[in-house]
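So you can see what is in the structure, the chains are spelled out below.
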Amino acid sequence: MNDMTIATGTGAFSPVEDHFVRKSGVAETTTRIPYVLVDNFPELGKIAALRFLEWVAEHPEGVVSLPTGKTPEHFIRWTRYLLENWDSAEGRRIREEHGLQVRDKPALRGLHFVQIDEFYPIRSSQSNSFHHYVSTFYIDGFGLDPERALLINCDEIPLAGGKHFSEVFPDSTVDLSLRTRSARTAKEREQQSSIFLIDDWCVEYERKIRALGGIGFFLGGIGPDGHIAFNTRGSDHFSTTRLTETNFETQAQAAGDLGGIEVSKNRLVITIGLDTITFDRNAVAVIFAAGEAKAGVVKDALESEPSVLYPATVLQRLPRSRFYITRSAGATLGDSMEAYYRSGPWTHEKTERAVIDLCRRIVTYGPNLTLADLESDPYCRLIPDLSLGTVRAVMDSIEAKVERGLRPEEGQTFYHTGPHHDDIQLGLQPHINRTLRGTTNRSLFSVLTSGFTAVTNGFITTTLAATRRLLDEGRIQMVKYPDFFQSGYRFKWDKDVYHFLMHVASEDPEGRERGLCHRVVRAIVDIWGVGSTEELRNTIDAIIAEIADSYDGQKNPPRIQKLKGMVREFEEELVWAHSGVQVKNVRHLRLGFYTGDLFTEQPSRARDVTPILEEFRKEQPTVISLALDPEGSGPDTHYKVLQAIADAVRLWREETDLGHLRIWGYRNVWFRFAPSDANVIVPVSLNAMDVLDKSFSDCYLSQVDASFPSYQHDGKFSTLAKRIWVEQLQSIQYLLGKEYFYTNENPRIRASHGLIYFKEMNVDEFLTQARELEKATEG
């Protein structure tokens, strides 16, 4: 232990870490690797930046390895802010308050930098390459010396015959079976030789790192399968720098960077190994994680014995390894569960959670629980006045939630909102379809972002080629109307939708394609201001050429972004037209904060909140539905949309009495409610699941191939949504028993094979929750 560390109940922490430990209120932890809890995503970046500068002050010529992606956003911002304001009064105040006991500004120019990983192959000039990221944000942004940097530049890694990877691997596919099998062709022999040359390069990269004494300060994130660097689940704890494949979870996570799962599935990676990270036993190795989605992998990493199933358990080798996590990322840790149940007042939500979790853990239905079962459970035994009546009370409260989900809705104006296209459907469609049958109800659907990032270049190019072909064949007849290019393209958008769905009904895929191409023509005329059929052909050709000239994952120009977004808008109109909803009642707000950039800006009131407020003023909804996700890995689109809606509701309340307004908070394939968190439970029949799956497949044409899937499922989102609903029903079955469902007097309960959970709130409850989420996400 050196003079910059102090002992606490959780191990040896530096002064900076000790400040955050004391602030967290967590005095003792029981995990195998120490961790520090912080309150929000920016705080995660702040502690990482302060600890980094604290270490650099002691090791001005040390070896550092820093992360890529979205999680480092505030680490990068805080590091630059602290360095740029080191001698200002504010800079001194921040350092003093947070335990950074360093007087002189650290000099980063003397550091050695090691790039952690990279896709292979990828051009280093591409903005989605990690080489570009570290060069932009660390080498240039932090003022590091490029001569002291070990970088992974795929353009410069030697290959057979001195060729570039685009010549050796023209389709960017590298077949690693050539390491162990005979090459069959001259091209395969060239590729085989190149693979071994890459392997040699990796060995030399590893040698250079070890010649420097190993990595002294490692900062990284943790992937959905628990990977650190690209050491995925199953990686050898003694692995070194290598060219390797990844697994589906990692490919799904990388799909957004690379332009789709079709690309990321066939792209290899070069990564430093787990033994590379831990070679220097005195290294400071920090993993940081934010959001409830990371809670499971954080728990596995911190509480498990060393195992290849949990790559981060290798960090148990290092006395100075740490996890910096937000409270939601640590929500399922044993320490957090203890704190949840043993601190603060006891609530009925705690009782529900404890009893339902007990049923699942001991595989016993609620009606069969004994008092001994309850008393032997570490959390159920804490329930005040514990008795078998406790179980009955929990069963009654859950049954009441189900009854609330069956309640008919009449005379309501529903304003359903989604951050992206398909969010509303995947969250609430079975319940919404029932409200649409009520003749006294009025329903509107509003998608708040353009959603263009979910449409691949391949899909839009194929669609444009089909549009060009149909034009040449004279099968898009509307362009022949004399006023079409002046004003006619703006009319009969409902006709596009109706004709498309007629071809769904008649099972005519060619007709569906023609329907989509009609809408694409309207969009191109609208966006590019096309004035004739010939100009339309030329514009289509130019768009195809521009996309062909870009690389996978490259940010599209604004007009192509808008075209992709309008395809998604058409898809949304198709889904709700199944139930007779007109195009005019499906709104597309295209909020301006959604840009497709790596680090996106926050919503602004004038640009992003005002359009929502104007909608509320105009439509006067009595029910607003919205995606109510927990804290994510930073302020993502779902979070930003929720805050924009909350601000609009807040402003609307200043103008009118909203005592009647109800807010429905739903979740879909990204996050789930616990039964104790929701207050409405909706039975879902097999028929409703079929409607979801078929309408998703028929209407969300750009999403059927699941180019940007969830890491939880290699396939359509509708399939994952159904699986979640079934699992939610199974949770309630453990409590109520199967007989509750198949013998129930209500046919809708008897027919249910899935359940949707959501949370109904009044305005005050919603705004309070939005504010709490804002504090957890932004501070």
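The preceding data block contains the structure.
Scoring rules and cut-offs
- Residues numbered from 1 in each chain as written.
- Predicted model: local features only at pLDDT ≥ 70, side-chain atom pairs only at ≥ 80, totals over all residues.
- Heavy atoms only, no water.
- Helix = DSSP H or I, 4+ residues; strand = E, 2+ residues; numbered from the N terminus.
- Rg over C-alpha atoms; globule rule 2.2 N^0.38 Å.
- Buried < 20%, exposed > 50% of the residue type's maximum accessible area, 1.4 Å probe, protein only.
- Contact = heavy atoms within 4.5 Å.
- Areas by Shrake-Rupley, 256 points an atom, 1.4 Å probe, with all protein chains shown as cover.
- Phe/Tyr/Trp six-rings, centres within 6.5 Å; stacked < 30°, edge-to-face > 60°.
- Lys NZ or Arg CZ within 6 Å of the ring centre and 35° of its normal.
- Pairing = 2+ DSSP bridges.
- Axes fitted to C-alpha atoms, helices over the stretch in contact; angles between N-to-C directions.
- Salt bridge = Lys/Arg side-chain N within 4 Å of Asp/Glu carboxyl O.
- Parallel < 35°, antiparallel > 145°, perpendicular 65-115°, else oblique.
- Nonpolar A, V, L, I, M, F, W, Y, C, P; charged D, E, K, R; others polar.
- Core = buried A, V, L, I, M, F, W, Y, C linked by side-chain atoms within 4.5 Å.
- 1 Å grid on protein atoms, 1.4 Å probe; cavity = no way out; pocket = protein on both sides within 12 Å on 5 of 7 lines; lining within 4 Å.
- Points joined across faces, edges and corners; volume = space filled by probe spheres on them.

A word on the overall build of the protein
Right, so step 1: Looking only at helices and strands, one finds 28 helices and 19 strands in the protein.
Right, so step 2: Taken over C-alpha atoms, the radius of gyration comes to 28 Å for the protein, in line with the 28 Å a tight globule of 779 residues would show.
Right, so step 3: Principal-axis analysis of the C-alpha atoms places the extent of the protein at approximately 75 × 75 × 60 Å.
Right, so step 4: Per-residue burial for the protein yields a buried fraction of 59% across its 779 residues.
Right, so step 5: The contacts in the protein between residues at least 6 apart in sequence include a share of 79% that link residues at least 24 apart.
Right, so step 6: In the structure as shown, the protein presents an accessible area of about 31000 Å², 49% of it carried by carbon and sulfur atoms.

Things to note about the packing of aromatic side chains
Right, so step 1: Summed over the entire model, instances satisfying the criterion amount to 33 aromatic pairs.
Right, so step 2: The aromatic ring of F238 is capped on one face by R317, whose charged end is 4.4 Å from the ring centroid.
Right, so step 3: Here the basic side chain of R353 rests over the ring of Y340, its NZ or CZ set 4.8 Å away from the ring centre.

Regarding the sheet that holds strand β15 (residues 586-588)
Right, so step 1: With mixed pairing, the seven strands of this open sheet are ordered in space as β15-β14-β13-β16-β17-β19-β18. The open sheet has two edge strands, β15 and β18 (680-685), and neither has a second partner. Across the sheet, the mean angle from the axis of one strand to that of its neighbour is 25°, orientation sign disregarded.
Right, so step 2: Note: strand β17 (residues 662-666) against strand β19 (residues 752-761), four bridges, orientation antiparallel. For Y666, the partnering residue across the bridge sits in β19 and is F758.
Right, so step 3: Against the sheet, helix α21 (residues 558-577) engages β14 (442-447) and β15, with an angle of about 165° to β15.

Considerations on the pattern of salt bridges
Right, so step 1: Overall, the coordinates contain 67 salt bridges when judged by the stated rule.
Right, so step 2: Put simply, R392 and E399 hold a salt bridge, and the shortest N to O gap is 3.0 Å.
Right, so step 3: The structure contains a network of salt bridges with shared partners spanning R442, R587, E615, K618 and E619.

A word on the packing of helix α13 (residues 348-362) against helix α25 (residues 717-736)
Right, so step 1: Two elements in contact, α13 and α25, have axes separated by 9 Å at closest approach and are oriented at 95°. Between α13 and α25, the angle falls in the class roughly perpendicular. On α25, the residues that touch V355, I356, C359 and R360 of α13 are Q730, S731, Y734 and L735.
Right, so step 2: Counted by class, the contact of α13 with α25 contains five nonpolar, two polar and one charged residues.

Let's talk about the side chain of R51
Right, so step 1: Summarising the element assignment, R51 is placed in helix α2 (residues 41-58).
Right, so step 2: The exposure class assigned to R51 is buried, which follows from its relative accessible area of 5%.
Right, so step 3: Among residues more than four places away in sequence, those in contact with R51 are S14, V16, E17, F217, V284 and Y324.

Here's the deal with the pairing of strand β11 (residues 284-289)
Right, so step 1: Within β11, six of the six residues are buried, which leaves the element mostly enclosed by the surrounding structure.
Right, so step 2: Judged by which residues are buried, β11 turns out to be covered on both faces: V284, V286 and F288 on one side and A285, I287 and A289 on the other are all buried.
Right, so step 3: Direction of pairing for β11 relative to strand β12 (residues 321-326): parallel, over a ladder of five bridges. Among the inter-strand pairings, V286 is bridged to a residue of β12, identified as R322.

Some remarks on the nonpolar core
Right, so step 1: In terms of nonpolar packing, the biggest core is built from 72 residues, with I524, L536, L563 and W576 touching the most fellow members.
Right, so step 2: For L536, the contacting residues outside a window of four places in its chain are L471, V479, F485, V521, I524 and V530.
Right, so step 3: Formed by 64 residues, the second largest nonpolar core is a distinct cluster that contains V355, Y415, F766 and A770.

So, the layout of surface pockets
Right, so step 1: Here the second largest pocket defines a volume of roughly 410 Å³.
Right, so step 2: Along its surface, the second largest pocket is lined by 17 residues, and M478, Y481, K495, H518 and R522 are the ones closest to its centre.
Right, so step 3: Listing elements by their share of the lining of the second largest pocket, those giving two or more residues are α18 (493-505) and α19 (509-528).
Right, so step 4: No other element matches α19, which puts five residues into the lining of the second largest pocket.
Right, so step 5: Of the residues that constitute the lining of the second largest pocket, the class distribution is four nonpolar, seven polar and six charged.

That is the geometry; function is a separate question.
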